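What follows is the residue order along each chain.
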Amino acid sequence: MANRIMLNGTSYFGKGAIDNIVNEVKDRGAKKVLVVTDESLIKFKVATKITDLLDKAGIAYDIFDKIKPNPTIENVKDGVEACKKSGADIIVAVGGGSSIDTSKAIGIIITNPEFADVRSLEGVAPTKKPCLPIIAVSTTSGTAAEVTINYVITDVEKNRKFVCVDPHDIPVVAIVDPDMVASMPAKLAASTGMDALVHAIEGYITKGAWEMTDMMHLKAIEIISHWLPKSVEGDMEARDKMALGQYIAGMGFSNVGLGIVHSMAHPLSALYDIPHGAACAMLLCPVLKYNAECTGERYRAIGKVMDVEGIDKMSIEEARKATIDAIQSLADKVGIPRKITEASPKVKMEDVDFLAMSAMADACTPGNPKDPTKEDIIEIYKSVM
């Protein structure tokens, strides 16, 4: 079987990267921009850094800022109508995974109107045309949505999230500028940073992993594990490093998939509105313990790039435990709770069966290194409740 790598056509990294947006819009012959963001990024003058550039260059734009933290089907439908009304021929998505994921769905439906039923995009949808061009500007260091072919939408009616995987949705340009993540609150920096670490670790142990993505994932684990604590403290060099690390993780997992950490996190966010990164972070170590027997020497390799002392001389069982302990220590250090009940007062034990069914049906589950049963999933949920 051939392995495939898909990445952005163009990406800009470093301080001042946003300045390239104007030329990218002009060079593509775009006449009207739809800026997709959320109200808080307008309020706190983050997204306005982009609109100021467009104003100065005389580029026409409209703003759609009704994005929710876990974007819904209705969010997407409203965005599609806003895009049609605007007449925009390019989208500038400003935000974390929510804004960029919503933009992907909007862009796909605009160019593939036969998929106007948002649910029809679940899984690998057979779209025919690339989405409306998207310039993705990340304001969190976690989701890597700016470089992936994946997006996640919440179905409020059915209390579930669904994953969409479509090569036609990848942004044409990614902007990774540390100035855009400078104002992230510590709690958000922690949860999105841990989400990036989960991407790198799950991508490294997934069934589809291979040499090219291994290289990306190990480098991402190294960067994230070393710089995340300082990023949470607000250190700007660390935030620059985290912005790069999460992007590298995205390069990898977008091409080989994830596992049951994400499968199990998705229904937690849908049912209890727990932030996605926090849900992933709480599940990571319990799932790593469950997967350990199917991962060969991979946990040792993770431990080595995390500078786990003496790991080369440990038995395979000792190395696995030491690596999981190091990951848990990092999560503790940045303030991630160990129990789901600490993240939401809505959590109820009687929901476990529904959560497990949702996780088993999730698009990420087949990539897990160990094939889980519903009972396995239930036991992991119970261990963190």
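Below is a summary of the structure that appears in this document. (Residues numbered from 1 in each chain as written. Predicted model: local features only at pLDDT ≥ 70, side-chain atom pairs only at ≥ 80, totals over all residues. Heavy atoms only, no water.)

Further remarks concern helix α6 (residues 186-205). Since the α-helix advances by 3.6 residues per turn, residues separated by three or four positions end up pointing in the same direction. With 20 residues, α6 should reach 28 Å at 1.5 Å per residue; the first-to-last C-alpha distance of 29 Å fits that figure. Along α6, 17 of the 20 residues are buried, which leaves the element largely enclosed by surrounding structure. (Helix = DSSP H or I, 4+ residues; strand = E, 2+ residues; numbered from the N terminus. Expected span 1.5 Å × (residues − 1). Buried < 20%, exposed > 50% of the residue type's maximum accessible area, 1.4 Å probe, protein only.)

A cluster of nonpolar side chains, contributed by I5, L7, M212 and M215, occupies part of the molecular surface with about 320 Å² of accessible area. Tracing the sequence through the fold places M212 in helix α7 (residues 211-233). (Patch = residues over 30% accessible without salt bridge, like charges linked within 9 Å, V, L, I, M, F, W, Y side chains within 5 Å. Areas by Shrake-Rupley, 256 points an atom, 1.4 Å probe, with all protein chains shown as cover. Salt bridge = Lys/Arg side-chain N within 4 Å of Asp/Glu carboxyl O.)

With that settled, the discussion passes to the pattern of salt bridges. Applying the stated criterion to the full structure yields 19 salt bridges. A salt bridge links K15 to D179, with the shortest nitrogen-to-oxygen separation between them at 3.0 Å. In this pair, K15 is assigned in the loop between β1 (10-13) and α1 (21-27) and D179 in the loop between β8 (173-176) and α6, connecting sequence segments 164 residues apart. Taking the relative accessible area as the measure of exposure, K15 reaches 66% and is therefore exposed. Ionic pairing is found between D332 and R338, a salt bridge with its closest N-O pair at 2.6 Å. We classify D332 as partly exposed; its relative accessible area is 34%. The exposure class of R338 is partly exposed, given its relative accessible area of 47%. Sharing partners across several salt bridges, the network here consists of E39, D65 and K66.

What follows concerns the environment of R28. As for its placement among the helices and strands, R28 is situated in the loop between α1 and β2 (32-36). Separated by 61 residues in the primary sequence, R28 and D89 place their C-alpha atoms 9.7 Å from one another. Apart from residues lying up to four places away in sequence, R28 is in contact with T10, I90, V172 and V173. (Contact = heavy atoms within 4.5 Å.)

Before going further, it helps to examine the packing of helix α4 (residues 73-86) against helix α5 (residues 97-111). Their axes nearest at 9 Å, the elements α4 and α5 cross at an angle of 55 degrees. Accordingly, the angle class assigned to the pair α4 and α5 is oblique. Crossing geometry of α4 relative to α5 is assigned as right-handed. Two secondary-structure elements touch here, α4 through N75, V76, G79, V80, C83 and K84 and α5 through T102, A105, I106, I109 and I110. Residue composition of the contact of α4 with α5, grouped by class: seven nonpolar, three polar and one charged. (Axes fitted to C-alpha atoms, helices over the stretch in contact; angles between N-to-C directions. Parallel < 35°, antiparallel > 145°, perpendicular 65-115°, else oblique. Left-handed = near helix turned anticlockwise from the far one by under 90°. Nonpolar A, V, L, I, M, F, W, Y, C, P; charged D, E, K, R; others polar.)

This part is about the sheet that holds strand β3 (residues 60-64). Strand order in the open sheet formed by six strands is β1-β8-β5-β4-β2-β3, and the pairing between neighbours is parallel. Edge positions in the open sheet fall to β1 and β3, since each of these has one partner strand only. The average angle at which neighbouring strand axes cross in this sheet is 15 degrees, direction not considered. Pairing between β2 and strand β4 (residues 90-95): four bridges, direction parallel. Residue pairing across strands places V33 opposite I90, the latter belonging to β4. Sitting on the sheet, α5 is in contact with β2, β4 and β5 (134-138), with an inclination near 160 degrees to β4. Across the sheet, helix α8 (residues 236-256) touches β1, β5 and β8, and the angle it forms with β8 is around 150 degrees. (Pairing = 2+ DSSP bridges.)

This brings us to the side chain of N150. Inspection of the secondary structure assignment puts N150 in strand β6 (residues 150-155). According to the relative accessible area criterion, N150 is buried, its value standing at 15%. In contact with N150, not counting residues within four places along its chain, are D101, K104, C164, V165, D169, F253 and S254.

Attention now goes to the packing of aromatic side chains. The full count for this structure, using the stated rule, is one aromatic pair. On the numbers, 4.7 Å between centres and 90 degrees between planes, the contact of F13 with Y247 is edge-to-face. Of the two residues, F13 is situated in strand β1 and Y247 in helix α8; the sequence distance between them amounts to 234 residues. Seen from the ring of Y204, R298 lies directly overhead, with NZ or CZ sitting 4.4 Å from the centre. Positioned over the ring face of Y290 is K370, at 4.1 Å from the centre of the ring. (Phe/Tyr/Trp six-rings, centres within 6.5 Å; stacked < 30°, edge-to-face > 60°. Lys NZ or Arg CZ within 6 Å of the ring centre and 35° of its normal.)

The subject of this paragraph is the environment of Q328. Looking at the element boundaries, Q328 is found in helix α12 (residues 316-333). Taking the C-alpha atoms as reference points, Q328 and P286, 42 residues apart in sequence, are found 9.7 Å from one another.

As a further point, take the pairing of β4. Burial analysis of β4 places six of its six residues in the buried class, which makes it a mostly covered element. The two faces of β4 match: I90, V92 and V94 on one face and I91, A93 and G95 on the other face are all buried. Relative to β5, β4 runs parallel, the two being bridged by five bridges. The residue bridging V94 from the neighbouring strand is V137, located in β5. The β-α-β motif built from β4, the intervening α5 and the parallel element β5 has right-handed crossover chirality. (Right-handed = clockwise from strand over helix to strand, strands pointing away.)

Read these as spatial facts, not as claims about activity.
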